Amino acid sequence: MRWKTSDGQAAEAEGKLNNVGSENEAIAVRGSYRFVGDDGQTYEVQYIADENGFQPQGAHLPVAPVA
């Protein structure tokens, strides 16, 4: 799936089935989305969503400290 609008928004995603035929079968989606914030900046988020949950990454997102 891919889309883009005239105001700078965009998204892209691709899914696949992992561990086909096993009891650990799970859908995984890898993608990104982009938007223009109220401050006029363009923000982009890259993500993976799988059996481990939604895992976003972006320069504007906070990162947890390494334990």
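Residues numbered from 1 in each chain as written. Predicted model: local features only at pLDDT ≥ 70, side-chain atom pairs only at ≥ 80, totals over all residues. Heavy atoms only, no water.

A short note on the overall build of the chain
Then, number 1: Broken down by element type, the chain carries 0 helices and 5 strands.
Then, number 2: The N-to-C order of helical and strand elements in the chain reads β-β-β-β-β.
Then, number 3: In terms of overall dimensions, the chain is more spread out than a globule: its C-alpha atoms have a radius of gyration of 15 Å, far above the 11 Å expected for 67 residues.
Then, number 4: Along the first, second and third principal axes, the C-alpha atoms of the chain reach 45 × 35 × 10 Å.
Then, number 5: Each of the 67 residues in the chain was classed as buried or not, and the buried ones make up 16%.
Then, number 6: By sequence separation, contacts in the chain at least 24 residues apart represent 14% of the contacts at least 6 residues apart.
Then, number 7: Accessible area for the chain stands at about 5,500 Å²; split by element, carbon and sulfur atoms hold 50% of it.
Then, number 8: Averaging the positions of the 5 positive and the 10 negative side-chain charges in the chain gives two centres separated by 9 Å. (Helix = DSSP H or I, 4+ residues; strand = E, 2+ residues; numbered from the N terminus. Rg over C-alpha atoms; globule rule 2.2 N^0.38 Å. Buried < 20%, exposed > 50% of the residue type's maximum accessible area, 1.4 Å probe, protein only. Contact = heavy atoms within 4.5 Å. Areas by Shrake-Rupley, 256 points an atom, 1.4 Å probe, with all protein chains shown as cover. Lys, Arg positive; Asp, Glu negative; His and termini not counted. Charge placed at Lys NZ, Arg CZ, Asp CG, Glu CD.)

Quick notes on the pairing of strand β4 (residues 42–50)
Then, number 1: Note that strand β3 (residues 26–36) and β4 share 8 bridges and pair antiparallel. When the sheet's bridge partners are listed, R34 is paired in β4 with E44.
Then, number 2: Linking two consecutive strands that pair antiparallel, namely β3 and β4, is a turn of 5 residues; a positive phi of about 85° is found at G40 within it.
Then, number 3: Of the strand pairs in this sheet, β4 and strand β5 (residues 53–57) are connected by 5 bridges, and their pairing is antiparallel. Along β5, the bridge assignment pairs Q46 with Q57.
Then, number 4: The hairpin turn running from β4 into β5, its antiparallel successor, is 2 residues long. (Pairing = 2+ DSSP bridges.)

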